[in-house]
Amino acid sequence: MVEQSYYIGVDGGGTHCRVQLEDEHGNVLSYADAGSANIMTNAAAAMQSIIDASEKAISAIKPISAVDKSISEVDKPISAIDKPSSATNKPTNPAVKLSQIHLAAGLAGANIPSALNQFLSLHHPFKSVTVISDLHAACLGAHNGYAGALIICGTGSAATVFTGTGTGTSTNSYHFKDKGGYGLPISDNASGGWLGLEAVKHSLLVFDELIPHSLLFASICDNLAVSNPQQLVTKVAGFKGREFGALAPSVVAAYKKGCAAAGALIQQGASYLNDVGQTLTCKAPNEKTFTNNQDLPLCLVGGLSHVYQPLLSADLQTRLIEPKSSPQAGAIQYAKQQVALA
């Protein structure tokens, strides 16, 4: 008897990873999440987070017998429901093992070859492992495998445009062009991490009496419990994107209260996203990659998307669409093609 295979799609970022478990027919069985899965930061920790989330997803599968029971009892009279049965009502799902699962992972840091190679060299319990960047997985999911552009703006930021249909017979049928996503402090403009880092820089200038006090300055000092520049420098000395990103809500809150300093940062971020969006949504290179050579649709996703969306240009606003599916689904779509080609 041939053992059934499963797919688990992963959306892995700097803060957490979310997984979606499917059978080989595409039926979604469960969802779960776990910790950080940024392979550029820590490949081994990312693998463990994925394994943890996968095990949670297996545990969350609803037994087929329970599903069948709920369906079969819809038309029964109340008196007939929940009567003891002479047969034992054991789940008919066989226990799913990690060795049956094709891992389809969209991971932060997978755009960096050295990080990707290190992750792929790790021991794992899965049937197979296919990895693309979290950005590409999100784009594939958002547009259901069709041409389109996507900007992620959460803890980090990055953007891509996908101009291949994904229906070819080789990995070369996937054509992406990326923007940003190189990580703090050199990249990730407009992101939560970037906002937090810039807010810290602003606060140091206030401490040095080079610019006026602001609500943003007060919020950052309160958040980090500091009262002088030496304390602030000490507090943030070991910060990475995730820790700076935790300061972003303070920036957004100050912005909503009318703080000019916070507003300047948000506007700077919005200007960057507008430039990126205009670059991404140019005409498709040929009519085969997008019907009638129309302007490509754009998805803006991530924890800060609601902040920046109203600040996008009118042209980009007309191209915005809601994501059609999840990054997990996009990763599974990609992996299924790779498994078929193997």
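Relevant structure appears above.
Draft legend 1. Representation of the packing of aromatic side chains in the model. In the structure shown here, the tally under the stated rule is 3 aromatic pairs. Between Phe-207 and Phe-217 the ring centres are 4.9 Å apart and the planes differ by 80 degrees, which places this aromatic pair in the edge-to-face class. Of the two residues, Phe-207 sits in helix α5 (residues 192–207) while Phe-217 sits in helix α6 (residues 215–224), which places them 10 residues apart along the sequence. Its end group placed over the ring of Tyr-7, Lys-336 keeps NZ or CZ at 5.2 Å from the ring centre.

Draft legend 2. Region of the structure containing the layout of surface pockets. Estimated volume of the largest pocket: approximately 1300 Å³. Contributing to the lining of the largest pocket are 50 residues, with Gly-13, Gly-14, Asn-38, Ala-108 and Gly-156 lying nearest its centre. At the level of secondary structure, the elements contributing two or more residues to the lining of the largest pocket comprise β1 (6–12), α4 (134–142), β6 (148–153), β7 (157–162), β8 (176–180), α8 (241–245) and α13 (327–341). Among the residues forming the lining of the largest pocket, the class breakdown is 18 nonpolar, 24 polar and 8 charged.

Draft legend 3. A look at the sheet that holds β7. Taken in spatial order, the 4 strands of this open sheet run β8-β7-β6-β9, and their pairing is mixed. With partners counted over all chains shown, the strands left at the sheet margins are β8 and β9 (298–301), one partner each. Sheet twist, expressed as the average angle between the axes of neighbouring strands with direction ignored, equals 15 degrees. In this sheet, β7 lies alongside β6 in antiparallel orientation, the contact comprising 6 bridges. From the neighbouring strand, Ala-149 faces β7, where its bridge partner is Val-161. Contacting β6, β7, β8 and β9, α4 crosses the sheet at an angle of about 130 degrees to β6. The sheet strands contacting helix α10 (residues 260–280) are β6, β7 and β8, and the helix crosses β6 at an angle near 160 degrees.

What counts, and at which threshold
- Residues numbered from 1 in each chain as written.
- Predicted model: local features only at pLDDT ≥ 70, side-chain atom pairs only at ≥ 80, totals over all residues.
- Heavy atoms only, no water.
- Phe/Tyr/Trp six-rings, centres within 6.5 Å; stacked < 30°, edge-to-face > 60°.
- Helix = DSSP H or I, 4+ residues; strand = E, 2+ residues; numbered from the N terminus.
- Lys NZ or Arg CZ within 6 Å of the ring centre and 35° of its normal.
- 1 Å grid on protein atoms, 1.4 Å probe; cavity = no way out; pocket = protein on both sides within 12 Å on 5 of 7 lines; lining within 4 Å.
- Points joined across faces, edges and corners; volume = space filled by probe spheres on them.
- Nonpolar A, V, L, I, M, F, W, Y, C, P; charged D, E, K, R; others polar.
- Pairing = 2+ DSSP bridges.
- Axes fitted to C-alpha atoms, helices over the stretch in contact; angles between N-to-C directions.
- Contact = heavy atoms within 4.5 Å.

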